[in-house]
Amino acid sequence: MVFLKDSKPGIIQNLSALGIADLGTAVIGGVFWLVIATLIDPEEYGQINYLLSIVGISFSICLIGIRETIIVYTAKKNPITPTIFIITGFSGLVGFVALGGIFSRLDISFLLLGYIINDLSLGYFLGLKSYKTYSKFVLVQKVSSFGLGIIFVLIFGYEGLIAALALSYIHFIFIYFKVLKKEKINFSLLKNSKFFVENYVMNVSGSFRSHLDKIILLPIVGFTIIGNYALALQVFAIMMAFPRLVFKYILPEDTDGNENKNLKIFTIIFGIVMALSGYFLSPIIIPVIFPKFLEAITIIQIISFAAIPSSINQIQTSKLLSKEKSRSVLISRLLGLSTMITLLVFLTPTMQEIGISIAFLASSIILCISLFIFNNIERG
């Protein structure tokens, strides 16, 4: 299977391959959601992001084998990977039926399956350090989602968007089944896999932090403010494109014992630059490009500063996961999640979008402090 093996160039070549994919897709994805924001109203934007949050939480529950687990096991040549694929696939089918039954919408069910096969396949490529293959697949998905998404919105309205997103993942089906054939399925390999279980719980908690906010916010502020918040999160996602790229590169590297200190320092500096850029540029850019989303300005200005702890979090998380210390990451994410939920409930009713922004920033800071403490404990 030639698609599963790349040559082993140096750090610049590997980062370039990853960068083409991750930075390219971040730009494409960011522009896509910004274009969508010009085509629909904030309330409709909020409704779409609310449904995506439902799918996101369902995805985290069904994703038995998360990407980081696949990366570490594949990098260590552990034969458990195909077994995790088959278990996760079955879990995804259960989720498919559940979502379709509860919401009477097959589009979100198919999007759930798309998320699952995408995450499993990309984790496998990264574990093998097959960065060029990884780049090709993610670029195809993102370009497809861009083109199909805009076409479906123009033809079917904003509700057609989710079906378009689901279709953009169809090419990952081939990778999923090829990996299943690579090793014999052996469920006994799961018996002593504490790392596997802890990573799963960690992923669920992290997903809840990313998606539960919109579900909590709906009865408090409604779809319009959720739409403004969702636009701010898209801007933040663009800011975090490079740090998340670095995480994908350094996790298998940390697993192999390669430090990459200069790259990590640069990543933190990058986060600082992004924070300042978001604060000063958003009042200038948003009124011109997104006049319907003026409430997003304050949110962007505050959550931009989360780029600093979030950049550090990518580095700290990689260090812990490379040592299979997923429990430390889990506890840290639970602390971040509990901070966010608590502040959303108490601050949002009176402070509205400012309360939402403070909750997001505080959650990132608490997560950063916790990860730092655990890494120091490991070193000490």
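Residues numbered from 1 in each chain as written. Predicted model: local features only at pLDDT ≥ 70, side-chain atom pairs only at ≥ 80, totals over all residues. Heavy atoms only, no water.

Asker: Outline the overall build of the protein, listing residues and values.
Answerer: Scanning the protein for helices and strands turns up 15 helices and zero strands. Since a compact globule built from 380 residues should have a radius of gyration of about 21 Å, the 20 Å found for the protein is in line with a globular shape. Along the first, second and third principal axes, the C-alpha atoms of the protein reach 55 × 50 × 35 Å. Here the protein holds 380 residues, and 58% of them are scored as buried. Contacts in the protein between residues far apart in sequence, at least 24 positions, make up 82% of those at least 6 positions apart. (Helix = DSSP H or I, 4+ residues; strand = E, 2+ residues; numbered from the N terminus. Rg over C-alpha atoms; globule rule 2.2 N^0.38 Å. Buried < 20%, exposed > 50% of the residue type's maximum accessible area, 1.4 Å probe, protein only. Contact = heavy atoms within 4.5 Å.)

Asker: Tell me what's going on with the pattern of salt bridges, and back it up with residues and numbers.
Answerer: Enumeration according to the criterion identifies four salt bridges in this entry. For Arg-105, the salt bridge goes to Asp-107, with nearest N and O atoms at 2.6 Å. Exposure remark for Arg-105: the relative accessible area of 21% places this residue in the partly exposed category. Two residues, Lys-264 and Asp-254, come together in a salt bridge whose shortest N-O distance is 3.1 Å. With a gap of 10 residues between them, Lys-264 in helix H11 (residues 261–289) and Asp-254 in helix H10 (residues 241–255) connect regions that are remote in the sequence. Taking the relative accessible area as the measure of exposure, Lys-264 reaches 7% and is therefore buried. (Salt bridge = Lys/Arg side-chain N within 4 Å of Asp/Glu carboxyl O.)

Asker: Before we move on, could you go through unusual backbone geometry and cite the residues and values that matter?
Answerer: In this structure, Ser-104 is a non-glycine residue whose phi angle is positive, near 55°. Taking the relative accessible area as the measure of exposure, Ser-104 reaches 62% and is therefore exposed. For Gln-352, which is not a glycine, the phi torsion comes out positive at approximately 50°. Looking at where Gln-352 falls in the secondary structure, it is placed in the loop between helix H14 (326–351) and helix H15 (353–379).

Asker: Give a detailed account of helix H13 (residues 307–322), specifying residues and quantitative values.
Answerer: Side chains three or four residues apart in an α-helix point the same way, a direct result of the helix having 3.6 residues per turn. Its 16 residues give H13 an end-to-end C-alpha distance of 23 Å, which sits within 8% of 22 Å, the value for a rise of 1.5 Å per residue. In terms of residue burial, H13 counts as a mostly covered element, since 13 of its 16 residues are buried. Phi for Glu-324, located one or two positions after H13, is positive at around 60°. (Expected span 1.5 Å × (residues − 1).)

Asker: So, the confidence of the model for the protein: which residues are in play, and what are the values?
Answerer: The predicted model of the protein averages 87 in pLDDT, with 92% of residues at 70 or higher. Mean pLDDT across the elements of the protein bottoms out in helix H3 (residues 67–75) (76) and peaks in helix H12 (residues 296–303) (96). (pLDDT = per-residue confidence, 0-100.)

Asker: Provide a residue-level description of the packing of aromatic side chains, including the pertinent values.
Answerer: Under the defined criterion, the tally for this structure stands at 22 aromatic pairs. On the numbers, 5.5 Å between centres and 70° between planes, the contact of Phe-59 with Tyr-115 is edge-to-face. With Phe-59 in helix H2 (residues 42–62) and Tyr-115 in helix H5 (residues 106–127), this residue pair connects regions lying 56 residues apart in the sequence. The exposure classification of Phe-59 matches that of Tyr-115, with both residues buried. Here Phe-96 and Phe-110 contribute two aromatic rings whose centre-to-centre distance is 4.9 Å and whose plane-to-plane angle is 75°, an arrangement assigned as edge-to-face. With Phe-96 in helix H4 (residues 81–103) and Phe-110 in helix H5, this pair connects stretches of sequence that are 14 residues apart. Classification of Phe-110 by relative accessible area gives partly exposed; the value is 46%. (Phe/Tyr/Trp six-rings, centres within 6.5 Å; stacked < 30°, edge-to-face > 60°.)

Asker: Could you give an account of the packing of H5 against helix H6 (residues 131–156), with specific residues and numbers?
Answerer: Contact pair H5 / H6: the axes reach a minimum separation of 8 Å and the direction vectors enclose 155°. By the angle class used here, H5 and H6 are roughly antiparallel. At the point where H5 passes H6, the crossing takes the left-handed sense. The segment H5 lies against H6, with Leu-122, Phe-125 and Leu-126 engaging Tyr-131, Thr-133, Tyr-134, Phe-137 and Val-138. (Axes fitted to C-alpha atoms, helices over the stretch in contact; angles between N-to-C directions. Parallel < 35°, antiparallel > 145°, perpendicular 65-115°, else oblique. Left-handed = near helix turned anticlockwise from the far one by under 90°.)

Asker: Please give an account of the nonpolar core that cites residues and values.
Answerer: Core analysis: the largest hydrophobic core is formed by 101 residues, its most contacted members being Trp-33, Tyr-45 and Leu-111. Among the elements that line this core, the one with the most residues is helix H9 (residues 194–239), at 13 residues. Those residues in contact with Tyr-45, other than ones at most four positions away along the chain, are Trp-33, Ile-36, Ala-37, Ile-40, Gly-227, Ala-230, Leu-231, Gln-234 and Phe-293. (Core = buried A, V, L, I, M, F, W, Y, C linked by side-chain atoms within 4.5 Å.)

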